[in-house]
Each structure stands twice: as C-alpha cells, then as structure tokens.
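# Report on the structure
Here is how the chains run, residue by residue.
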Amino acid sequence: MPAMRIVIAEDAAVLRELLAQMLTERGNEVCAAVADADALRSAVAEHRPDVTVVDIRMPPTHSDEGLRAAIDIRREHPGTGVLLFSQYIETRFATRLLAAGSAGVGYLLKDRVANTAEFTEALARVAAGGTALDPEVVTQLAGGGRRTAEIESLTAREHEVLALMAEGRSNAAIAQTLVVSAGTVEKHVAAVFSKLGLPSSEDTNRRVIAVLRYLGA
Amino acid sequence: MGKALGWPGALHAALTAPFTRRAGAQAAYCLLGFPVAQVGFALVLTLLAVGVGLIASLVGAVLGLALAVLALGLSRALAALQRALAARLLGERVTAPAQPRPSGGFFARLDARLRDEVGWRAAAYQMVKLPVAVCQLYAVAWWLIGAFDLITPLRWAVVHQLVGTADGASMRTISPFPGGAGAPHASSFAGTFLTAGIGALTLLAAPWFTRGVVAADRWLLHALLGPGELAQRVRNLEETRALAVDDSAALLRRLERDLHDGAQVRLVALAMRLDMAREGLGPAGGPVTDPDKVRNLIETAHRNAGEVLSELRDLSRGIHPPVLDEGLPDALATLAARSSVPVELSVDLPQEESHRPTPAIETIAYFCAAELLANVIKHSGAGHAVLRAEQRDERLRLRVTDDGCGGAALGTGTGLSGLAQRVRTVDGSIRINSPAGGPTAVEIELPLHA
C-alpha cells in the first residue's frame, strides 16, 4: 500500500489522536489533525492531502458540518479523497455525498475504525479515487428506493457481489470475502452487467454505473 | 412610593401623596372611566332590557336575541377599552380572554354567542361599574373641593379687594361630604383659615379615597374582565405542559449527546487499541513482535474501559439515582454526604408507604435539592448549608439555606429558572429569598401527587 498524506477532522480528541497515531504507525503522513470543519477546509487548502478522514458531526452545531465541508472539498480539490465517518448512518447524508458521483468518496460507520487494517485499506481506496461505502449504507440505499425489474432479476449470489461492489471492493477482495475463486466472481460480475443491460465498454465505468443504479442514485 | 421608613417617612408619604405621579394617574383613570361607564351602563342595559322584552313578547324573539348578542359584543368591546385604560393608567394588567370564533350554522353561532360567559361577565361589569364610577368621580371631586377650600383666604382677599367689605358677608366652605354637613361659614378673614385647614385635610385625604375606590375597581376588573378561573387554569396547564414536553425532549437530546461524545467515542477508541494490540502480537503461533507496544496499548485500553464504566454510571445516575428507590430521606442523606460544603440535614418525612409522595414527585424533589446544593457550592461561597425536608398538609416542602453571598434570582444563570419550570409542571411553587450579601433561602413546595 503506498504511503498516503492525510488530514484528519474529528472533534473528539481521544479518537483524533489515536487515529493519527495508528495511521502514522502504518507509514502514512498525517499532515494535520483538526477539530472542526473550518480548520479542515484551511488544512486541506494548505496541505493538498491525498485523502481526508472527516467526522460528520462537529462543532459548532453538531449536525452535518463535516458533510458540507466534504462536498466542498470534493468540488474544490478533486485530487483529495474524502472518507466520512459517523456513529450513525444517515441515508440522506449518503445520498447528498453520492450526488456528485462515487469517485474518491467514502462513508463508514465509526465502529469500522476498530478494524484498523480494513479501515486503512478503505482509506487507501478512497485516496486512489475509489469508493468505500459501509455495508449499512449499501443496505439502506439499495433497500430504500423502488427496485427496478433488472435488479429484481439478479440471483441472490449476484446481489451479494453487487452489494460488495457498491461498498467499493475489487473483484479480488470480493472473492476473498465470499471465499470463492476470482474466476467465479468475474463470472457473477459479467452476469450482473448483462442483466443490467451494460454491454462491454470501459470496465470501471460499467462498474460505477451498475453500483449507482443499484443504490438508486 | 418607597418602603415605610418609620413615622417620618410615613408622614412624608402622607404629605406628598396628592402630588405623586401615581395619584395623578389614578385620578385620570377615574375621570376617563366615568363617561365610559355611563355609556356602557346605558347602552348595555337598554339593549338587554329591550332584547328581553322582545323575547318575552315572543313576536320579535329573533330580534330580541340579536339585541342581546349585540349587548354582549358591545360589553366585550367596552371591556377591552377598560382593560386598556387600567393597563395604561393603573399599571394593572388583566389578561384578555380569548375571542370566541363560533362556527356552524346560524343558530349554532347564535347559541354560542348567547352562551358567551366572558361576554356576560363583561356585561355584568358594565352594570356594577356605574356605581363604582360615581364613587370614583366623587373621589376626584375631593381634590377640587380640597383645593377650592384651601385657597379660601386668597379668595377672601381677592373678593374683598374687588367688592369691598360688606358687613355680615361670609365665605362658604364646601363640605367634602354630601349634604354640606358641618360646613362652617367663614365670616372673618381669620375664619377663612379654618376653611383652608378643612381644605388641606380634604386634599390630603383625596388620594387615599381615590386609591380605595380604584382598589375596588381593580378587584372587579380581575373578577369580571379577566379570562375566568377555568380559562386561566387551562392556559396555565397548556403552558406547563409545553414546558414539560420541552424539558423531556431537551433531556433526551442531552442524553444522546452525552452518549455520542462520551461513552461511544471511548468505546471506539478502546476497540481500536485492542485491534492495534492484536496487530502488535504478530501472526498467530509466532513470537510477539513488539511486546512493549502491546503492553502499553492494553494498559491504555484497560484504563479506557474504566473511564467508560464510570461515565456510564454517572449518566445512569443522572437519569434515575438508584438510591431514590430507598426513599427520599436516604437519597437526600446521600446528597448531603457527597456535598463539598458541609450540609446540615433535617428530614421529617413519613415512613409509611401510603403517605409517600409519588415517585415522580420524589424524583423532582431530589433533583431540586441536588441543583440547589450544587448552586450553593458553585455560586454562594457559603461555608455551611442547611437542607430541610418536611411533609405537612399534603405538601412536600424542601428548603435549602446557606450563609453565602446571596444575590440568587431567576434568570441569573444559576439554573433556578429551569428548576422553577420543572416545579411548575406539577403545580409546585418556588420562593427565593436571596438579598445581595446573603444569606440565601430557597423554598420549594410540591404536591404529593403530580
């Protein structure tokens, strides 16, 4: 995993310091660790990091400061990925975050930090322009909207694969999670594409479209 | 008028009473109120009399009822004017009753208008007000009579200057009492000073007379032009219900916030440290890669767990202190024992279950006591406090006194306003006596049942 340059925005000092410690120990550079959205904006403008870890609820109002800052950062600094995390998953926050596309964004439950290796992996994915969505975000979004006939036509296994794709995982990672071979995953992915009516073109593009259609975004 | 300052102060107050702004405003109220009262009495009485007459004759019953409704509407309008006068000149704020908005068909509306209790009370006020207004006018007359008599020596001098002295000519004194009883005639210049004396006394008495009749009117204003006891009670209940709902919503929000910023964050950090420690152990079966780091992480995680526990304990105690289940006396004793300022405790509460206040009341009493003692510690600088709790006449009385610096009042950031709100929701009351310089005494009275 390449070393990342990271800015952390989290108002609870315990967590902020621990995150910085953990990410540094793993060979990354934490440029700044701040406690509110304004400080986050200026830290990003100053350091141009690869990725930021942003708590959604921060002072002064403890509502959605982090989310608003994240959307601004994605617009103003496309080279900086944003990984939001919070103690609850709010579907409307996820929708707002994904409205401008799923590249370079992530939204995880705070609990996921406890699995430091996976969390760092998700962060690296976002830094590289990928996506990292919490399984809970995927469940809520996919379950929220009306299901199209195409989605309904997927088998249970294809559903599972698509949900993991929506979380932002690569085929190799999906194979590992489902304990199947890479070839099997590729077969399922191809089946998903064809059932959703996405003929072979640029592969990653099809992936994004399939996921967004699944999430109803 | 300030407070009574012994007899020189009282004398001063008596001598200056006719010349105060308050006396002037009351006299103005009496003068302005009289024509309104006359018009009100005449119109309302006429409308009602004609209306009732028509109804009795059965022939224009509808017209009669309409006249009655008109009388009630007029009474309400006059009442609004009279309330405004009282507010402007007497500073007497009488809450306006709600305006009726009858709906439905013609007869339903007519029925609602005729059953308008506020309107009937306003009409009653118009009837009673006239004799009161006559008294008020008479009270104002005392000022004029007093002034007229007071300047009798001057009048004597002027009249005699103009007309010359005629033997046997005399100057009348106008008696402040009807019928001129005991009014002396002044037949000499020296005699006019007796008249002036009577005038001065009348003038000095006038403001007190005015005050008396105005007080009677105040009582009538509240009794007949206010919203009525039931409506007042409903309004009060609406207010306190809103307070109770807001209070519990705020409590839940604070609880969520405390959990979110406290225990949840600490638990995430704890889990993270354990994960980092596991990583430090290296692959299963192999040697421990970094034992020092692992020990360090586990020690911190262990401390973390202790912090979470104590935080959760504080939080749950804030929701419901378990000691309350043992009864209010034990809970108050615990509270007193935990206080950093020495607290003398005196509890006189019945032990029998049947006489105990309901749990909700006990909880409110407990949190009031906790808040008051916290105030003593935080704000008063007192070296000693007394917490007294007793139950008399179906009321629970809680009293916290301290020998601190005083100056406690509602809305000074001491949490007393919140306390007062919570107490009001169960029809309790709070009395604060805390002059600057101390000492402070706060007394809370609660019913036994919410």
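Residues numbered from 1 in each chain as written. Chains lettered and ligands numbered in written order. Predicted model: local features only at pLDDT ≥ 70, side-chain atom pairs only at ≥ 80, totals over all residues. Heavy atoms only, no water.

### So, the overall build of chain B
Put simply, the rule reads: The way it works is that DSSP assigns letters per residue, a run of H or I at least four long becomes a helix, a run of E at least two long becomes a strand, and they are numbered from the N terminus. Each residue gets one of three labels from its accessible area relative to the maximum for its type: buried under 20%, exposed over 50%, partly exposed in between, using a 1.4 Å probe on protein chains only. Should any heavy atoms of two residues lie within 4.5 Å, those residues are considered in contact. Surface accessibility in these figures is a Shrake-Rupley result with a 1.4 Å probe; residues are shielded only by whichever protein chains are displayed.
Within chain B, the secondary structure is distributed over 13 helices and seven strands. Split into buried and exposed, the 450 residues of chain B put 38% on the buried side. Taking the intrachain contacts of chain B between residues at least 6 apart in sequence as the baseline, contacts between residues at least 24 apart amount to 71%. Surface accessibility of chain B: about 24700 Å² in total, with carbon and sulfur atoms responsible for 64%.

### Regarding the confidence of the model for chain B
Under the convention used in this document: Per-residue confidence from the prediction method is given by pLDDT, with values spanning 0 to 100.
Per-residue pLDDT for chain B averages 85, and the proportion of residues at 70 or more is 93%. Taken over the whole predicted complex, pTM reads 0.62, whereas the ipTM for its chain interfaces reads 0.83.

### Concerning unusual backbone geometry
Of note, the amide linkage connecting Pro59 of chain A to Pro60 of chain A takes the cis form, showing an omega dihedral of 5 degrees. Positioned with a positive phi, Asp393 of chain B is a non-glycine residue whose angle comes to about 50 degrees. For Asp393 of chain B, the location among the structural elements is in the loop between strand E4 (385–392) and strand E5 (395–402).

### Section: the confidence of the model for chain A
Low pLDDT marks regions whose predicted coordinates should not be analysed in detail. Of all residues in chain A, 95% have pLDDT values of 70 or greater, and the mean over the chain is 88. Within chain A, the element-level pLDDT minimum falls on helix H11 (residues 203–215) of chain A, averaging 75, and the maximum on strand E1 (residues 5–9) of chain A, averaging 96.

### Observations concerning the interface of chain B and chain A
Heads up, the rule is: In short, buried area is how much 1.4 Å probe accessible area vanishes from two parts on joining, totalled over both. Any Lys or Arg side-chain nitrogen found within 4 Å of a carboxyl oxygen on Asp or Glu counts as a salt bridge. Here a polar contact means two N or O atoms within 3.5 Å. Within protein one must be a hydrogen donor candidate and the other an acceptor candidate, and residues neighboring in sequence count only if both atoms are side-chain atoms. For this classification, Asp, Glu, Lys and Arg are treated as charged, while Ala, Val, Leu, Ile, Met, Phe, Trp, Tyr, Cys and Pro are nonpolar and the rest, including Gly, are polar.
Contact with chain B, which involves 15 residues of that partner, is made by 19 residues of chain A. At the boundary of chain B with chain A, total buried surface from both sides reaches about 1700 Å², with 59% on carbon and sulfur atoms. Among the residues of chain B in contact with chain A, His260, Val268 and Met272 of chain B are the three that bury the most area, contributing 33% of the side total. At the boundary of chain B and chain A, one finds three salt bridges. Taking the shortest distance from any N to any O, the salt bridge between Glu279 of chain B and Arg26 of chain A comes out at 2.5 Å. Here chain B and chain A share seven residue pairs in polar contact (both at pLDDT 80 or more) between them. No other element matches the 11 residues that helix H9 (residues 263–281) of chain B contributes to the side of chain B that touches chain A. Looking at the side of chain B that touches chain A residue by residue, the class counts come to six nonpolar, two polar and seven charged.

### Points about the packing of aromatic side chains
Selection rule: Think of it this way: a Phe, Tyr or Trp ring, Trp meaning its six-membered ring, pairs with another when their centres are within 6.5 Å, and the plane angle makes it stacked under 30 degrees, edge-to-face over 60, tilted otherwise. Only when the NZ atom of a Lys or the CZ atom of an Arg is both within 6 Å of the ring centre and within 35 degrees of the ring normal do we say a charge sits over the ring.
Counting across every chain of the model gives six aromatic pairs over all chains. Ring geometry for Tyr138 of chain B versus Trp142 of chain B: centroids 6.2 Å apart, planes at 80 degrees, classification edge-to-face. One end of the pair is Tyr138 of chain B and the other is Trp142 of chain B, both in helix H5 (residues 117–150) and four residues apart, which spans about a single turn. Residue classification places Tyr138 of chain B among the partly exposed residues on the basis of a relative accessible area of 27%. With relative accessibility at 11%, the residue Trp142 of chain B sits in the buried group. Plain terms: the ring middles of Tyr138 of chain B and Phe209 of chain B are 5.6 Å apart, the flat faces sit at 85 degrees to each other, and that makes the pair edge-to-face. Taken together, the residues Tyr138 of chain B in helix H5 and Phe209 of chain B in helix H7 (residues 189–225) connect sequence positions 71 residues apart. Overall, Phe209 of chain B belongs to the partly exposed group, its relative accessible area being 23%. An aromatic cluster of three or more residues is present, and its members are Tyr138, Trp142 and Phe209 of chain B. In this structure, Lys110 of chain A packs its charged tip against the face of Phe85 of chain A, placed 5.4 Å from the ring centre.

### Some words on the sheet that holds strand E5 (residues 105–109) of chain A
Residue and element names in this part refer to chain A. Inclusion rule: Should DSSP find at least two bridges between two strands, the strands are regarded as paired. Fitted lines through C-alpha atoms give the axes, limited to the stretch in contact for helices. The angle between two N-to-C directions lies from 0 to 180 degrees.
Strand order in the open sheet made by the six strands is E2-E1-E3-E4-E5-E6, with parallel pairing throughout. At either margin of the open sheet sits one strand with a lone partner, and together these are strand E2 (29–34) and strand E6 (131–133). On average, each strand axis in the sheet is inclined to that of its neighbour by 20 degrees, with strand direction left out of account. Looking at chain direction, E1 and E2 are connected through five bridges and run parallel. What sits directly across from Val7, in E2, is Ala32. Strands E1, E2 and strand E3 (51–55) of the sheet are contacted by helix H2 (residues 37–47), whose axis makes an angle of about 155 degrees with E2.

### Concerning the nonpolar core
So the rule is basically this: Residue types Ala, Val, Leu, Ile, Met, Phe, Trp, Tyr and Cys, when buried and joined through side-chain atoms within 4.5 Å, form a set referred to as a nonpolar core. Domain delimitation in this document rests on an assignment produced automatically or drawn from a domain database.
Counting residues in hydrophobic clusters, the biggest one holds 52 residues, and the most contacted among them are Leu40, Leu84, Tyr107, Leu162, Met165, Tyr214 and Leu215 of chain A. Per element, the largest residue contribution to this core is six residues, and it comes from helix H8 (residues 156–167) of chain A. Of the domains in this structure, domain 1 (5–134) and domain 2 (145–215) of chain A are the two that each give at least three residues to this core. Judged by nonpolar contacts, the second largest core, of 34 residues, contains Leu349, Ala365, Leu396 and Val423 of chain B.

### Observations regarding the environment of Glu117 of chain B
If you trace the backbone, Glu117 of chain B turns up in helix H5. Classification of Glu117 of chain B as partly exposed rests on a relative accessible area of 47%.

### Describing the packing of helix H2 (residues 21–56) of chain B against helix H3 (residues 61–90) of chain B
Residue and element names in this part refer to chain B. Rules: Here the angle decides the label: under 35 degrees means roughly parallel, over 145 means roughly antiparallel, 65 to 115 means roughly perpendicular, and every other value means oblique.
Where H2 meets H3, the closest approach of the two axes is 8 Å, and the angle between their N-to-C directions is 170 degrees. One finds that H2 runs roughly antiparallel with respect to H3. Among the residues making up the contact of H2 with H3, the classes are represented as 26 nonpolar, seven polar and no charged.

### Regarding the environment of Gly191 of chain B
Examined against the element boundaries, Gly191 of chain B turns out to sit in helix H7. Placed 39 residues apart in sequence, Gly191 of chain B and Thr152 of chain B show a C-alpha to C-alpha distance of 9.5 Å.

### Some remarks on the sheet that holds strand E6 (residues 429–433) of chain B
Residues and elements named next belong to chain B. Overall, mixed pairing links the five strands, which are arranged E3-E4-E5-E7-E6 in an open sheet. Only two strands of the sheet have a single neighbouring strand rather than two, namely strand E3 (343–348) and E6. The sheet shows a mean angle of 10 degrees between the axes of neighbouring strands, direction not considered. Where E4 lies against E5, eight bridges are found, and the strand directions are antiparallel. Of the residues in E5, the one forming a bridge with Glu390 is Arg397. Against the sheet, helix H12 (residues 359–380) engages E3, E4, E5 and strand E7 (440–447), with an angle of about 10 degrees to E5. Across the face of the sheet, helix H13 (residues 416–424) comes into contact with E6 and E7 while running at roughly 150 degrees to E6.

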